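Residue-level structural notes
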Amino acid sequence: MLFLLRSVPVTKIWSSYSVLYVDKSFSEENVLSILNKNGCSEVISLGQQRVPFYSSFLPADFSTSKTGSNYLTERLRYFYDESNSFMLYYIPNRFEANLSKSLNELSKDYDVLCGIDGKQKFFFIIPIISLLFASLLFYFSENKKIFLLTSIWFIFLTVSLPFFPVLASCILMILFCFLFQKMWSRRSVIKALLKNVCFIVIFIVSGFVFIVFSWRSFILGLLMELCAVSSLHLYSEFEKYKNKKLSFTFEPIFSASQICVVTKRNYKFFLYAAATIFASFLIFIFSFRFAASSNVSSISMPVPSHNAQKSNLVNLEDFIVWAWNVQTLPYRNLNTLTNENQKPENGESVFIERYSNSFGSAISSTSENVLTFDEAFKNSVEHQIDQLPYPALEKLLKKQGKNIYVSYSRQRGMNIGSKAFSFILMFISLLAPTSLYTYYIIRKGKYENCK
C-alpha cells in the first residue's frame, strides 16, 4: 500500500519539458521576449511552428494540402488549453531555473494569469528529519524495542508521502510512540491512554492533519497506526511464548494509569518535537519562497499517457503517418487522393514502374520499391526531427517515447492556495507539542516527584 499510494509533490507533465501557460490575451511575442530575457531559449510555441518538410517533387502548398492528413492543423491544439483561454509554451528542463523568474515577472509586473505545470521533486530532507527525530528519541527510550516497533512505520510513511504536513503529523506520532513505550506490559494501558491529555491531544491533532491533508495520507496514516498496533500484538505473543519456558516472570506492580508519562527527564521532548516541526516549517517556507507560483487554480491541458482510448490529440505516430503521406505523394494517383486521414499498414510499400529498351529489344518494365512503411522508415523520420532548425513540437513528442497518447486532463499544481493550506496544517501540528509543553510548565508541581 505504501508503494501503490505513494505520491511526490508537484508532478511534471512532460518528460524533459516544463509547460508555461499564459492568458492568450497577452501576446506570444511579449511572452517569448520575457522568456528570452530571463535566459529561456528553444521555447516550443505556436508562432515558431513550421511545416517540418516538403516533397521535393511537388510545389510546397500542394505537397502539404494533398497529403490526406489533418496533422498540421490538429497539432496546433497543443498550444491551447481545452477552454481556449491560455496559450501553452514548452520550455526545456535545462532552463527550469530561469523559468521561475519569467513567471514571477509575468504575474507581478504585468498582472497576467499564468502558471507552470510544476516540478517533480522528492524532498529527501523529509524522511531524513523524521529519522533523525526518531533516532534521538530512540536513544533516550527505556524500552527501545517497543519504540522501534511502533515508530518505524511513521518513518516509512514520510518516504511514501514526502509532504511537510505529513512530516509534522508523523513527528507527533513518533512522540506518541516515545511516551507510550513507558506503559508497555502494564495493566489497563487502553484506559490510561484514553485518560491522558498528552496522548489525546497528540492523537487528535495528528489524525486531523492526516484526514484533512489528503485521502492518501488518511488511508496510509490509518494503515501505519494499524501496523504499529499489529507489531505490538505480534511482539506480545512472542513474549508470552518465550515466557512459557521460564520458571518465573516479572509482573509490573504499577498499572499504566499509575505511571508518570511526563517526567522531569522527558518533558523537554515536547520542546524537541516543537523545534523539529518549526525547523521543518522553515524549510517548507524556504523551499517555496523563491519557487514560481501559479495564480490559476487549475487548467485542462494536453497530458501524455499510455491509454489509447482516451487519446484525442495527434501524437508522434500521427506525425510519422503524415511524413509518409508527404514523401509518397509524388508516387500516388492524384485522382484518388481524399482529405481523410490515410494511415498505412505496417509493411505497406510504394512502387514505381521502370521501363527499359536495350539493343532494339521490346520495351520491358520492372517494379521498383521506393518506400516501405516499416521500422527503418519510422526511424529515419525520427532522425529528421532532430535536424529541424527550429523548436518544433515534434521534438517534444519524440522525447516522450513511443506508444504515447495525448489527451486533455485537468491539472492542479502547487499554487498559492495549496501552500497556505499546508502552512495552516503545519501550524496546527506545531501547536500540539507547544501547548503540551506549556501545559506541563503550568502544572509542573504535579510532576515534581516524577522521575
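Our subject is the structure that appears above.
A few points on the structure. (Residues numbered from 1 in each chain as written. Predicted model: local features only at pLDDT ≥ 70, side-chain atom pairs only at ≥ 80, totals over all residues. Heavy atoms only, no water.)

**Overview of unusual backbone geometry**
Non-glycine residue D111 carries a positive phi angle of around 55°. Within the fold, D111 resides in the loop between α4 (96-109) and β3 (114-116). Although it is not a glycine, N403 adopts a positive phi angle of roughly 55°. The residue N403 is located in the loop between α14 (393-399) and β7 (405-411) in this model. (Helix = DSSP H or I, 4+ residues; strand = E, 2+ residues; numbered from the N terminus.)

**Thoughts on the nonpolar core**
L175 and L179 are the most contacted members of the largest nonpolar core, which has 61 residues in total. Counting only elements with at least two residues in this core, the list comes to α5 (125-140), α6 (144-160), α7 (164-180), α8 (189-195), α9 (197-213), α10 (215-243), α11 (268-289) and α15 (416-442). Per-element tally for this core: the top contributor is α7, with 15 residues. Sequence-distant contacts of L175, that is, excluding residues within four places in its chain, are made with F133, L137, I202, F269, F270 and A273. Residues Y17, Y71, M301 and L396 belong to the second largest nonpolar core, which totals 38 residues. (Core = buried A, V, L, I, M, F, W, Y, C linked by side-chain atoms within 4.5 Å. Buried < 20%, exposed > 50% of the residue type's maximum accessible area, 1.4 Å probe, protein only. Contact = heavy atoms within 4.5 Å.)

**Quick look at α9**
Helix length check: α9, at 17 residues, gives a terminal C-alpha distance of 24 Å against a target of 24 Å (1.5 Å per residue), a fit within 8%. Taken as a whole, α9 has its buried residues at C198, F199, I202, V205, S206, G207, V209, F210 and F213. Of the residues that open α9, the one with a side-chain oxygen 2.9 Å from the backbone nitrogen of C198 is N196. (Expected span 1.5 Å × (residues − 1). Polar contact = N/O pair within 3.5 Å; in protein donor to acceptor, adjacent residues only side chain to side chain.)

**Overview of the packing of helix α12 (residues 316-328) against helix α13 (residues 375-387)**
Two numbers describe a pair of packed helices, the interaxial angle and the distance between the axes. Running from N to C, α12 and α13 cross one another at 100°; their axes reach a closest spacing of 10 Å. Between α12 and α13, the interaxial angle falls into the category roughly perpendicular. Residues L316, F319, I320, A323, W324 and Q327 of α12 lie in contact with α13, whose contacting residues are F377, K378, V381, E382, Q384 and I385. Among the residues forming the contact of α12 with α13, the class breakdown is eight nonpolar, two polar and two charged. (Axes fitted to C-alpha atoms, helices over the stretch in contact; angles between N-to-C directions. Parallel < 35°, antiparallel > 145°, perpendicular 65-115°, else oblique. Nonpolar A, V, L, I, M, F, W, Y, C, P; charged D, E, K, R; others polar.)

**Some remarks on the packing of helix α1 (residues 28-37) against α4**
Closest axis-to-axis distance for the α1/α4 pair is 8 Å, and the angle between their directions is 135°. Here α1 lies oblique to α4, going by the angle between them. The interaxial crossing formed by α1 with α4 has right-handed handedness. Contacts between α1 and α4 involve I34, L35 and K37 on the former and, on the latter, L99, S102, E105 and L106. Looking at the contact of α1 with α4 residue by residue, the classes come out as four nonpolar, one polar and two charged. (Left-handed = near helix turned anticlockwise from the far one by under 90°.)

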